[in-house]
Amino acid sequence: MATLVIEKKPKYERIINVLAIAIPVAVAVLLGIRQKIDLGEWTKVLPHVIGVINSLTAVLLLLGYYFIRNNNLTAHRQMMTAAFLLGAVFLVCYILYHVSNESTPYGGQGAIRPVYYFLLISHILLSIVVVWFVLRAVYFGYTNQITQHRKAVKWALPIWLYVSISGVIVYLMISPYYV
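Residues numbered from 1 in each chain as written. Predicted model: local features only at pLDDT ≥ 70, side-chain atom pairs only at ≥ 80, totals over all residues. Heavy atoms only, no water.

1. A look at the packing of helix H2 (residues 46-69) against helix H5 (residues 146-174)
Helices that pack against each other are described as a pair by the angle of their axes relative to one another and the distance between those axes. Under the convention used in this document: Interaxial angle, 0 to 180 degrees, is taken between N-to-C directions of lines fitted to C-alpha atoms, where a helix line uses only the stretch in contact. Only DSSP runs of H or I covering at least 4 residues are called helices, and only runs of E covering at least 2 are called strands; the numbering of each starts at the N terminus. These descriptions rest on fixed angle ranges, namely under 35 degrees for roughly parallel, over 145 for roughly antiparallel, 65 to 115 for roughly perpendicular, and the rest for oblique. With the far helix as reference, a near helix turned anticlockwise by less than a right angle produces a left-handed crossing, and one turned clockwise produces a right-handed crossing. For this analysis, residues touch if any pair of their heavy atoms sits within 4.5 Å.
Contact geometry for H2 and H5: axes closest at 9 Å, N-to-C directions at 150°. By the angle class used here, H2 and H5 are roughly antiparallel. Of the two elements, H2 crosses H5, and the hand of that crossing is left-handed. Note on element contacts: H5 touches H2 through Leu 157, Trp 160, Leu 161, Ser 164, Ile 165, Gly 167, Val 168 and Tyr 171, opposite Pro 47, His 48, Gly 51, Asn 54, Ser 55, Thr 57, Ala 58, Leu 61, Leu 62 and Tyr 65.

2. A few points about the nonpolar core
The nonpolar side chains of a soluble globular protein tend to be buried with one another. The test is simple: By convention a nonpolar core is built from buried Ala, Val, Leu, Ile, Met, Phe, Trp, Tyr and Cys residues, the set being connected through side-chain atoms within 4.5 Å. Relative accessibility under 20% of the residue-type maximum defines a buried residue, over 50% an exposed one, and the middle range a partly exposed one, all with a 1.4 Å probe and only protein chains included.
Among the nonpolar cores identified, the biggest contains 31 residues, and Leu 61 and Trp 160 are the most heavily contacted of them. Sorting the residues of this core by element identifies helix H1 (10-32), H2, helix H3 (73-100), helix H4 (112-142) and H5 as the ones contributing at least two each. Counting residues per element, this core draws most heavily on H4, at 8 residues. When sequence neighbours within four positions are dropped, the list of residues in contact with Leu 61 reads Met 80, Ala 83, Leu 157, Trp 160, Leu 161 and Ser 164. Tyr 106, Leu 119, Met 173 and Ile 174 belong to the second largest nonpolar core, which has 6 residues in total.

Shown next, in the form of structure tokens:
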């Protein structure tokens, strides 16, 4: 299997910086649209698909970490690339669901309610932050800038893992309230 290596160029780092801002802003704008688009009933299944994607992403991240700790660079790269691609699929599914369906209010009461909102808010904020770190980690990995890759991953991995796992927990907590 051939290994993809991207050429190292300063313009790519500028593109990463632009994307790290543009992606969250674009998602916020799309989510801010009050008029929902009728894409059909199939979109009702997307929260469940998103829950599976977040679960798989967390598993892939842990496997990627395991493989790099065991010096299996090929398997590490495969796991991390798959996690990155799942992130892109997640983003598409998330946008499709939210532009076509009203938000589901959380119905939990008591002490669990602030726990849910803490997880939800931290999940959202860190999902914005992690974009920059993940894009840099992938770029540095594919350009074989290993020192910079390690610096980016030091932040990207724990934040991305938290975002993936908290996404699953938030999904499990709100799933009884989906209509």
